[in-house]
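Understanding the architecture of this molecule
Listed below are the residues making up each chain.
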Amino acid sequence: MENVFEIRDLSSWFGDHQVLKSLRMDIAKNSVTSVMGPSGCGKSTFIRCLNRMHDMTPGFRMSGEILLDGTNIYSEKIDPVYLRRRVGMVFQQPNPFPRMSVFENVAVGLKLNGGKLSRADISEKVERSLVMAALWNEVKDHLRQSGVSLSGGQQQRLCIARALAVEPEVLLMDEPCSALDPMSTAKIEELIEDLSEKYTIAVVTHNMQQAGRISDQVAFFLMGELIEMDKSGKIFTNPSDKRTEEYITGRFG
Amino acid sequence: MMGTISFRRKAADRVMKWVFTLCALLVVLPLFLIFFDLVIKGAKELRWTLLIDLPHPVGEPGGGIANGILGTVAITFLTMTWSVPVAVMAGIYLAEYGRGKLASAARFAVDTLSGVPSIIMGIFSYILLVLPMKRFSAWAGAAALSMIFIPVVVRTTEEMLRTVPATVREAALALGIERWKATLRITVRTAWPGILTGILLAMARIIGETAPLLFTALGNQFWQTKLDQPMAAVPLQVFTYAISPYEDWHDKAWAGALVLITMVLMINIAARVLTREKR
Amino acid sequence: MAAQSGKNSRDLAFEKASAFFAFVVLFLALLLFAVLLRESIPALRKFGAAFLVTGTWDPVLEKFGALPFIYGTLVSSFLAILIAVPLSVGAAIFINEFAPPWLKAPVSLLAELLAAIPSVIYGLWGIFVLVPILRDGLMKPLTKYLGWIPLFKGPVYGPSMLAAGVLLSIMIIPFILSVSREVLATVPQRQKEAVLSLGGTRWEMIRIVIGQHCLPGIFGATILGLGRALGETMAVTMVIGNRPEIFASLFQQGYSMAAVIANEFAEAGGLQLSSLILIGLLLMLVTLVVNLAAKGILSKMVARASRGI
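Residues numbered from 1 in each chain as written. Chains lettered and ligands numbered in written order. Predicted model: local features only at pLDDT ≥ 70, side-chain atom pairs only at ≥ 80, totals over all residues.

1. Overview of the overall build of chain C
Spelled out, the test is: Helix and strand labels come from DSSP, where a helix needs a run of H or I of at least four residues and a strand needs a run of E of at least two; each type is numbered from the N terminus. Exposure classes come from backbone-placed C-beta atoms, where a residue is buried if 20 or more other C-beta atoms lie within 10 Å of its own, exposed if 12 or fewer do, and partly exposed in between.
Summing up its helical and strand segments, chain C has 10 helices and 2 strands in all. Along the chain direction, N to C, the helices and strands of chain C fall in the order α-β-β-α-α-α-α-α-α-α-α-α. The C-alpha extent of chain C, read off along each of the three principal axes, is 70 × 65 × 30 Å. Looking at chain C as a whole, 50% of its 309 residues qualify as buried.

2. Side note on the packing of helix 4 (residues 119–132) of chain A against helix 6 (residues 152–165) of chain A
Residue and element names in this part refer to chain A. Heads up, the condition is: Fitted lines through C-alpha atoms give the axes, limited to the stretch in contact for helices. The angle between two N-to-C directions lies from 0 to 180 degrees. With respect to orientation, any angle under 35 degrees is reported as roughly parallel, any angle over 145 as roughly antiparallel, any angle of 65 to 115 as roughly perpendicular, and every other angle as oblique. Here a crossing is called left-handed whenever its near helix is offset anticlockwise from the far helix by less than a right angle, and right-handed whenever the offset is clockwise. Working definition of a contact: two residues with C-beta atoms, positioned from the backbone, lying within 7 Å.
One can describe the packing of helix 4 onto helix 6 by two numbers: an axis separation of 8 Å at closest approach and a directional angle of 130 degrees. Accordingly, the angle class assigned to the pair helix 4 and helix 6 is oblique. In terms of crossing hand, the pair formed by helix 4 and helix 6 is right-handed. Contact with helix 4, carried on its side by K125, V126, S129, L130 and M132, involves A161, L164 and A165 of helix 6 and no other residues of that element.

3. Quick look at the sheet that holds strand 10 (residues 225–231) of chain A
All names here are of chain A. Put simply, the rule is: Paired strands, in this sense, are two strands between which DSSP finds at least two bridges.
The strand order across the open sheet built from 6 strands is 6-7-8-3-9-10, with neighbouring strands paired in mixed fashion. Sheet topology places strand 6 (87–90) and strand 10 at the edges, where each strand pairs with a single neighbour. Here the average twist between neighbouring strands, direction ignored, is 20 degrees. Helix 6 rests against strand 6 and strand 7 (170–174) of the sheet, and its axis sits at about 170 degrees to strand 6.

4. Considerations on the nonpolar core
For clarity, the cut-off: One nonpolar core equals one set of buried Ala, Val, Leu, Ile, Met, Phe, Trp, Tyr and Cys residues connected by C-beta atoms within 7 Å.
Ranked by size, the top nonpolar core spans 270 residues in total, and within it B:A90, C:V25, C:L167 and C:V239 carry the most contacts. The biggest single contributor to this core is helix 5 (residues 161–185) of chain C, with 17 residues. Not counting residues within four places of it along the chain, the set of residues in contact with B:A90 comprises B:A106, B:V154, C:F21, C:A22 and C:V25.

5. A few points about the environment of B:R135
Among the secondary structure elements, B:R135 is positioned in the loop between helix 5 (118–133) and helix 6 (138–162). Sequence separation of B:R135 and B:T187 is 52 residues, and the distance between their C-alpha atoms is 44 Å.

6. Quick word on helix 4 (residues 101–114) of chain B
Residue and element names in this part refer to chain B. Cut-off, in case you're wondering: Take the residue count of a helix, subtract one, and multiply by 1.5 Å to get its expected span. Here, the arc refers to the directions that run from the helix axis to the C-beta atoms.
End to end, helix 4 covers 20 Å across 14 residues, agreeing with the expected 20 Å (1.5 Å per residue, within 8%). The complete set of buried residues in helix 4 reads A106, A109, V110, T112 and L113. Down the axis of helix 4, the sector holding all buried residues measures 165 degrees, keeping them to one side.

7. Comments concerning unusual backbone geometry
Residue and element names in this part refer to chain A. With phi around 55 degrees, E167 is a residue other than glycine that occupies positive phi space. With respect to the element layout, E167 can be found in the loop between helix 6 and strand 7. The backbone of E175 shows a phi angle near 50 degrees, a positive value even though the residue is not glycine.

8. Let's talk about the interface of chain B and chain C
Heads up, the condition is: Basically, the charged four are Asp, Glu, Lys and Arg, the nonpolar ten are Ala, Val, Leu, Ile, Met, Phe, Trp, Tyr, Cys and Pro, and anything else, Gly included, counts as polar.
Facing 71 residues of chain B, the contacting portion of chain C comprises 71 residues. Looking at the side of chain B that touches chain C element by element, the count peaks at 19 residues for helix 1 (residues 2–44) of chain B. Classifying every residue of the side of chain B that touches chain C by side-chain character gives 55 nonpolar, 8 polar and 8 charged.

9. Looking at helix 6 of chain B
All names here are of chain B. Note the cut-off: Throughout, the bend at a residue refers to the angle made by two axes, fitted to the seven residues ending there and to the seven starting there.
In this model helix 6 runs 35 Å from its N-terminal to its C-terminal C-alpha over 25 residues, within 8% of the 36 Å that 1.5 Å per residue would give. Roughly 30 degrees is the biggest bend found in helix 6, and it falls at S146. Of all the 25 residues making up helix 6, 23 are buried; the element is thus mostly covered by neighbouring parts of the structure.

10. So, the sheet that holds strand 4 (residues 60–68) of chain A
All names here are of chain A. Pairing is antiparallel in the open sheet, where 4 strands are placed in the order 2-1-4-5. Either end of the sheet is taken by a strand with one partner, and the two such strands are strand 2 (17–28) and strand 5 (71–72). Bridge count between strand 4 and strand 5: 2 bridges; the pairing is antiparallel. Counted as the bridge partner of L68 is T71 from strand 5.

11. Concerning the packing of helix 6 (residues 189–197) of chain C against helix 7 (residues 202–231) of chain C
Angle between the axes and distance between the axes: these two values describe a pair of packed helices. All names here are of chain C. Close contact between helix 6 and helix 7 brings their axes to 9 Å; oriented N to C, the two are set at 135 degrees. Relative to helix 7, helix 6 is oriented oblique. In this structure, helix 6 meets helix 7 at a crossing whose hand is right-handed. Side by side, helix 6 and helix 7 meet where Q191, K192, V195 and L196 of the first sit next to E204, M205, I208 and V209 of the second. Residues that form the contact of helix 6 with helix 7 fall into these classes: 5 nonpolar, 1 polar and 2 charged.

12. Looking at the pairing of strand 6 of chain A
All names here are of chain A. Of the two faces of strand 6, both are covered, the one formed by V87 and M89 as well as the one formed by G88 and V90. When strand 6 meets strand 7, the two strands line up parallel, connected through 4 bridges. When the bridges of strand 7 are listed, V87 appears paired with V170.

This is the structure:
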């Protein structure tokens, strides 16, 4: 199976404090990879390295390589703006742009990315994205309504549609369901399964059952290190590392 | 024994309550008096002709402040033409990039300028524009007013941009939008009602300013549209009429004041309606 | 190092452009000082520090001294503070502590409206309404019975230091009021409740808790109001009488720094102009110091409040 991301020896620091330690992992194409671990283990920091979100953080330093389709995303050749169109992100708190309608929220990535698309093209892409995000039926008659007037779960699906509209290859999700109710969470988990046919997805989660439900591969982080990464079935029934087993059985959280 | 103390304390409490109530009444009383006088006295001379006619010589009845209205509009518009872009861009810099020495110095400069009496801005414009040009002009008036307008709008723009949550900027960045586009088309757009309110309130303020115009725009008795000549303005006319020795000019002063306060209030109300709409 | 976010050519151009405008603002502030300083040098050189304490203002003999104007500015402003602060603090206490909820918003709105009224309109009202009321209702009677006290000496014409002080106080009340309200709001609810639950009356609670907690903030509001009063021009010149002399009596006319600039600037030249500009420079420096002091006090208070003191 082809790898989309190959992470080699990734370490990172905020100032003098080291957050990630010599990570090495592969993320396969069209797979769903969960990244789990206790608070502070570096999983959010890790995922934000994959789309260079830390560029804006003062004091951030990294070493090692992150190869996207063979090219190091931190090399001089790569334009971070372009990178982020290929690697999209959905955040923990749904954050649709205030003062923009549902339609405008999904379209904004298209409009501001420099492409000269006709209004018809944009409408079509907006509809397609909302369909893929399983939100179209609920909002198709309310496209001009404000994005923030939707419910929490709908807002998160709107953010997913917004990310999908720029047609990325990879979708990074940082605890996408932790601010949502169980029903919305279930809807989004179903959505992730469907999306994995077309996209490569990496999900940070602190919910082990969720990791078990949705992923092909699970990576377990502890204090900035990748302890173990394997098929989700194996990780939860027969983990190789004792620390993984202790985390899964709830010895620490 | 206990009873007496209780009575004294209760009495003190009741008296102080009325003292505070009285303070509140005294504070709002002038407002009612002023508005009452403005309406009653201003209405005396208030006819359509006031808004359309030019000032008549002393003794001749009628006449109006049309040139002043035009002048106020022209000078205000002129001021805002360059002041709005400068102030908003400076505000954007302070909010979005504002961590270095330039930002600290600029912020201090804004705070300083905000506290300078408006007549000093008139002196500034006089030295820089009136003296070299050897004449009073609308330009000079606008220059003085912009020194009042700009600090206010820089401050409100920066404040409003800071209220935009970091999550908005983060989401924009994650979509692969260039930072400058994200700043203008998303962050500023989100804060826009607040920024516009700040601009309108600053506009209402400079419309009412008299001191900076006293020796820059100077005022003008006639209809005048050239920007490099002295120009009339409603506050200047109110002042001139008020301190004159002529009774009928005093009436005109009240009428002009009524027109002026109407303009100021309308803009204030527009500004507040805008903030409400945001919700 | 890898290409940085926010640093492509368009992003850099935008950052530089906005930085330029910030620099423009900084430049204007510096230019203001520089220009005022340069134009006051002739007067500075001629009169030196004596300018501050000399009372002559003679365009013919070209002898200028700013003392009457400094005196007028200070006296009218302090008088304004004397009247405005108790009233504003009292009204603030009323709004925050006694007013029913439905009354709070309208009263605040009214105070805000007071702040929006242009200075020249205050002056207009001052000339034709306030001055006659003060003259006939207060000054004439007081002169009649207490005129032997220097403060109340006549003759009474109307325009006076008192009129300026009263008018100024009305104008600065909205500012002191709004800051006072903010200051009062920083008192933790539990401290107020503690006094009340011990059997204290409302007034005692206010006196104890607010008195201890809010004095620095109220002081800051006072200084802020002072800064505004010092710079007021139109309203003052319309009711103060514009007479460059110093009298002990509040009922006599006076002059202020801003007022003399307003009245004489347009036709002044040479040394007189330089003297007027020097007065402007002095006024600017004084208001600057006062405003900075106010901000310093108030921001310290905000910091204390956010730490929960």
